[in-house]
Amino acid sequence: MKIRYYPILFILILFVGLFVFFFSQSWFLKNNGHDPSSLQLAKSYLLNAIMALIVFFAIYIFRNKYRDLLGFFFLGGSLLKFTLFFIFLYPAFNQDGALERLEFLAFFVPYGFALVLETFFLVKLLNTV
């Protein structure tokens, strides 16, 4: 596949994957007596989608000019994601003084999916540079 199609493919896989994971996770939570809105599930998925797009396009745009720094863009994007997690999601999760497993998974499922996808496309881009 040609490199110019990578952004379209990335966006397509990202949104379809996050859509499937979001509704699967919501369904699982509802069927086990939990409220997905109390876990800020939509906010977590939106934050991870936006950050995955930013990281991917930063890597894609600068792939030729800063080819030696692409890994640092990737790592910086991961650091930024965790920083935004602690700013926007963690305070609500930590109101009771503990980060529960469901609260952790509300962030980590979309984060993990986006991270795997970003890693896959980073490797593809590095192989073409």
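Details of the structure are given in the entry above.
Nothing here was measured: the structure is a model prediction, and the numbers come from that model.

Rules used in this analysis
- Residues numbered from 1 in each chain as written.
- Predicted model: local features only at pLDDT ≥ 70, side-chain atom pairs only at ≥ 80, totals over all residues.
- Heavy atoms only, no water.
- Helix = DSSP H or I, 4+ residues; strand = E, 2+ residues; numbered from the N terminus.
- Buried < 20%, exposed > 50% of the residue type's maximum accessible area, 1.4 Å probe, protein only.
- Contact = heavy atoms within 4.5 Å.
- Areas by Shrake-Rupley, 256 points an atom, 1.4 Å probe, with all protein chains shown as cover.
- Lys, Arg positive; Asp, Glu negative; His and termini not counted.
- Charge placed at Lys NZ, Arg CZ, Asp CG, Glu CD.
- Expected span 1.5 Å × (residues − 1).
- Core = buried A, V, L, I, M, F, W, Y, C linked by side-chain atoms within 4.5 Å.
- Axes fitted to C-alpha atoms, helices over the stretch in contact; angles between N-to-C directions.
- Parallel < 35°, antiparallel > 145°, perpendicular 65-115°, else oblique.
- Left-handed = near helix turned anticlockwise from the far one by under 90°.
- Nonpolar A, V, L, I, M, F, W, Y, C, P; charged D, E, K, R; others polar.
- Patch = residues over 30% accessible without salt bridge, like charges linked within 9 Å, V, L, I, M, F, W, Y side chains within 5 Å.
- Salt bridge = Lys/Arg side-chain N within 4 Å of Asp/Glu carboxyl O.

Caption draft 1: Focus on the overall build of the chain. Along the chain, the regular secondary structure elements total four helices and zero strands. Each helix (α) and strand (β) of the chain, taken in turn from the N terminus, gives the series α-α-α-α. Taking the principal axes of its C-alpha atoms as reference, the chain extends roughly 50 × 25 × 15 Å. Within the chain, the proportion of its 129 residues that are buried is 36%. Residue pairs in contact within the chain that sit at least 24 positions apart in sequence constitute 78% of those at least 6 positions apart. For the chain, the exposed area adds up to about 7,800 Å²; of that, 71% sits on carbon and sulfur atoms. Averaging the positions of the 10 positive and the 6 negative side-chain charges in the chain gives two centres separated by 20 Å.

Caption draft 2: Here's a closer look at helix H1 (residues 6–31). Taking 1.5 Å per residue, 26 residues should reach 38 Å; H1 reaches 37 Å between its end C-alpha atoms and fits that length. Turning to H1, its buried residues number three or more, namely Tyr-6, Pro-7, Phe-10, Leu-14, Gly-17, Leu-18, Gln-25, Ser-26 and Leu-29. Each element contacted by the buried residues of H1 is listed here: helix H2 (41–61) and helix H4 (101–128). In the stretch just after H1, Gly-33 is the one whose phi turns positive, near 80 degrees.

Caption draft 3: A look at the nonpolar core. One finds Phe-10, Leu-14, Phe-56 and Ile-59 to be the most contacted residues of the largest nonpolar core, which totals 31 residues. The set of elements that each furnish at least two residues to this core consists of H1, H2, helix H3 (70–93) and H4. In terms of residues, this core owes the most to one element, H2, which gives 10 residues. Not counting chain neighbours up to four residues away, the residues in contact with Leu-14 comprise Ala-49, Ala-52, Leu-53, Phe-113, Ala-114 and Leu-117.

Caption draft 4: Layout of the packing of H1 against H4. The interhelical angle for the contact between H1 and H4, taken along N-to-C directions, is 160 degrees, at an axis separation of 11 Å. Here H4 runs roughly antiparallel to H1, going by the angle between their axes. Read as a crossing pair, H1 and H4 show a hand that is right-handed. Across the contact of H1 with H4, the residue classes break down as 18 nonpolar, three polar and two charged.

Caption draft 5: Focus on a nonpolar patch on the surface. Together, Ile-61, Phe-62, Tyr-66, Leu-69, Phe-72 and Leu-75 make up an exposed nonpolar region whose accessible area comes to about 600 Å². Position of Leu-75 relative to the elements: it lies in helix H3.

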